[in-house]
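Results of the structural survey
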Amino acid sequence: MSLLPRSAEEFSSAEYWERFFKKRGEKAFEWYGDYNKLCGVLHKYIKLQDKVLVVGCGNSELSEQMYDVGYKMLTNIDISETVVTHMNQRNAERRPNLTFQQVDATQTHYEDASYQACLDKGTLDAMASEEGGALARRMLAEVARVLCVGGRYVCVTLSQESVVKLAVEHFVSLGWAVRFHCLQEAESSEDSFALPVFVLVCTKFRRPMPVPILEMCLGEDGGPNRLTGVAELLSAVRELQSYSVLRKRLRTRTDASSSPSLTLCHVKTGLPRYTLTVQDCAPNARVPRGNYFGVFIVPQGKESDWQYGSSEGRSQLAASANFKRLVIVAMHRDQLYTDMQAVQAELSQMVMELAPPGMPENQQVPFLSVGGELGWREVISRGVSELSGEYCVEDVRGEDGQLYRRLVFLSNAGLVQSEGRLISAKAASDQRKKSKKKVKQTAPPAASTGSLHVDSGFLCCAHHEVMVAGLTMLDGPVSVLMVGLGGGALAQFLRDFVPGATVEVVELDPAVLELAKGYFGFRSDDRLTVTLGDGLERINALEKEGGSLFDVIMFDVDSKDSTVGMSCPPSAFVEASFLEKVRNSLTPKGVFMLNLVCRDSVLRNSVLERLRGTFSPVFSRKIAGEVNEVLLCCRGDGATGESSSPPPLPSAQAAKSLQAALCSHTAGRTSGPHIDIIDLVKDLKIA
């Protein structure tokens, strides 16, 4: 297997293990599997001719089964006289050379370096909770003493975090190599318990290793994945345990109210390769009889689109596909994908583990996509902003066959920060000739993206178009203050196509300004200026100055606080006292335009109340298929009274006039504005 699962499911170690051990009770060994389940990894590390010490043997049948297949040099020890007597009697006739001795594993009488292997099935797990781990450490020290150079401690464990940490840190301090094999889930009749069994293999060297060797293998034959430290190893164990819990849950029931996801990483590199999101149909959905399970491959570069990147969009996609369960697969940046067949072959084994309960064994599982293609993406720049973290600039091919450039901050990789359409000089001259020829989405562009430039006349973001349409409320040349630059698309559009417009942009992050200039065609001049700083401070300064007023103030700035149900703008930008300062910075006929992204209905209503208490009138335009809505707030004479008559919406004539003005201001440009003001204005409503 070339993929390592990482589940985002929360795995509460203390609570889970407390419940687990209560359920396990006295039947400890049944949770670890028998010889048939363990033989593959045991034969890999323990030779038939090896002298083997089995610590804490109990009444397990494992030693008897190993003896029967050829392991004749087994010494079994246990501290219980009753167990030892019983096991010797049980094997006296059939296995006369299989010995059981009453010996304390923490202080044996065996000579140094007298064994080639030490086998432990659950003993470490039992000892680790005693005496704060001191008892287990004494046993491990004794194991290290009796093993010869090249000898191996092979421990079958459920890998509770405290147990793993204790054992791994002990052997790392001795300079031994440490490897884990993650085997099958432990058997359980309870849906809530689905623990994988691990086999810990620690190998003794003549000289301590200068750098710790820590490895994780999937299954008995899986290749080793080298890990950098104990913390990363513990994380890998938790992820595998969490994945097993998730997989067991998905196998036993469906739940349309949740959409769990997990990331599949390349075993060798550890880099994320696929993210899988499970979406079940609603209980009352009418699903065709054979539609048990489907897999949808999101085209590269489209994973942040609303339909694929939001829970609402994925629910809608699943309802449209009409399967009992749909797994939605997103591909990651900096990964190579050849074609749909290769992706299907790579994913088939893993996705089948996520099949819904009741699916027939031989059921065919279709792989779906848009046009059967994987899409196309090219990362053209990566970097780090001191304020916003890692970012990526990438070119992607849209479903319309056009190329788009995107800025994505990796702290929120599902959100496109900025986007612009790419065109060549020839494409610009032929922009009105729409080709109906379908473009193969996996094919790279005919020309290098380095020869293309961003079309300043095309606004990719629908909320930017609404903000432009809001200018129908004003007459003549306008002065604009914009908080939040992004790639500069909106600011550049206003500068290039609105006659006489002057635009000042306030941008907090210097890296964003450099990206806008370097990759999105942003060009400042005397009519388009950028101030690096805090938008809050700029508005505060405007009010204190008392002289600089703007016709339009636009807020299009995202919030870094994910704990609030409003991702745009930050809460401080819509406090009542600050909104009053915004109003005071507008000309008498001025308009405040706000891009609001709020999933919390109570918070949204609160923001609207504050806006209505400061501005009059307030218009709203929701963006179809998205959470965004644009609020156009007129300075007016203050809040609207109860007896006020409904304010007039922008007229169709005003929309036609603005459309004509935009289209007439294209002299010397390779591309004109792609916007329909009349259509945008007609959907405005009173907020």
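The structure reproduced in this document is the subject of the present report. (Residues numbered from 1 in each chain as written. Predicted model: local features only at pLDDT ≥ 70, side-chain atom pairs only at ≥ 80, totals over all residues. Heavy atoms only, no water.)

Quick notes on the overall build of the chain
A count of helices and strands for the chain gives 20 helices and 29 strands. Expressed as a percentage of its 687 residues, the buried residues of the chain come to 50%. The long-range share in the chain, meaning contacts at least 24 apart out of those at least 6 apart in sequence, stands at 71%. Just so you have it, the chain exposes about 31400 Å², and 49% of that area is on carbon and sulfur atoms. (Helix = DSSP H or I, 4+ residues; strand = E, 2+ residues; numbered from the N terminus. Buried < 20%, exposed > 50% of the residue type's maximum accessible area, 1.4 Å probe, protein only. Contact = heavy atoms within 4.5 Å. Areas by Shrake-Rupley, 256 points an atom, 1.4 Å probe, with all protein chains shown as cover.)

Side note on the packing of helix α13 (residues 462-469) against helix α14 (residues 489-497)
Packing of α13 against α14 leaves a shortest axis separation of 10 Å and a crossing angle of 35 degrees. Between α13 and α14 lies a crossing of right-handed hand. Between α13 and α14, the residues in contact are H464, M467 and V468 and L490, F493 and L494, respectively. Partitioned by chemical class, the residues of the contact of α13 with α14 number five nonpolar, one polar and no charged. (Axes fitted to C-alpha atoms, helices over the stretch in contact; angles between N-to-C directions. Left-handed = near helix turned anticlockwise from the far one by under 90°. Nonpolar A, V, L, I, M, F, W, Y, C, P; charged D, E, K, R; others polar.)

Thoughts on the packing of aromatic side chains
Enumeration according to the criterion identifies 14 aromatic pairs in this entry. Measuring from ring centre to ring centre gives 6.4 Å for Y391 and F409, while their planes differ by 80 degrees; the resulting arrangement is edge-to-face. Taken together, the positions of Y391 in strand β17 (residues 389-397) and F409 in strand β18 (residues 403-409) put the pair 18 residues apart, joining distant regions of the chain. Take Y391 and F409: they sit in the same class, and that class is buried. The structure contains a cluster of three or more aromatic residues connected by ring pairs, namely F555, F573, F578, F592 and F615. For the cation-ring pair, K51 lies above Y115, with the distance from its terminal atom to the ring centre recorded as 4.9 Å. One Lys or Arg, K72, reaches over the ring of Y67 and ends 3.9 Å from the middle of that ring. (Phe/Tyr/Trp six-rings, centres within 6.5 Å; stacked < 30°, edge-to-face > 60°. Lys NZ or Arg CZ within 6 Å of the ring centre and 35° of its normal.)

Structural notes on the pairing of strand β9 (residues 213-218)
Most of β9 is tucked away, with six of its six residues classed as buried. Neither face of β9 is open: one carries I213, E215 and C217, the other L214, M216 and L218, and all of them are buried. Inspection of the sheet shows β9 paired to strand β10 (residues 225-227) by three bridges, in the antiparallel sense. Bridge pairing in β10 places E215 opposite R226. Connecting β9 to the antiparallel partner β10 that follows it, the hairpin turn spans six residues, and G219 within it adopts a positive phi of roughly 75 degrees. (Pairing = 2+ DSSP bridges.)

Some words on the packing of helix α16 (residues 535-545) against helix α17 (residues 576-584)
At a closest axis distance of 9 Å, the pairing of α16 and α17 adopts a crossing angle of 55 degrees. Classified by the angle their axes make, α16 and α17 are oblique. Judged by the twist between their axes, the crossing of α16 over α17 is left-handed. Taking contact as the criterion, the partners of G535, L536, I539, N540 and E543 in α16 are, on α17, F578, K581, V582 and N584. When the residues that make up the contact of α16 with α17 are grouped by side-chain class, the tally is four nonpolar, three polar and two charged. (Parallel < 35°, antiparallel > 145°, perpendicular 65-115°, else oblique.)

What about the nonpolar core?
In this structure, L124, Y153, F180 and M216 are the most contacted members of the largest nonpolar core, which totals 44 residues. No other element matches the seven residues that helix α6 (residues 134-146) contributes to this core. A491, V505, V552 and A655 belong to the second largest nonpolar core, which has 41 residues in total. (Core = buried A, V, L, I, M, F, W, Y, C linked by side-chain atoms within 4.5 Å.)

Thoughts on the pattern of salt bridges
Per the counting criterion, the structure on display carries 33 salt bridges. Note that E142 is salt-bridged to R145, the shortest N-O span being 2.6 Å. One end of the pair is E142 and the other is R145, both in helix α6 and three residues apart, which spans about a single turn. Residue classification places E142 among the buried residues on the basis of a relative accessible area of 11%. We note a salt bridge from R226 to E215, for which the minimum N-O separation is 3.0 Å. With R226 in strand β10 and E215 in strand β9, the pair connects residues that are 11 residues apart, well separated along the chain. Linked through salt bridges whose partners overlap, the residues forming this network are K302, D305, R406 and E419. (Salt bridge = Lys/Arg side-chain N within 4 Å of Asp/Glu carboxyl O.)

By themselves, these figures tell us nothing about what the structure is for.
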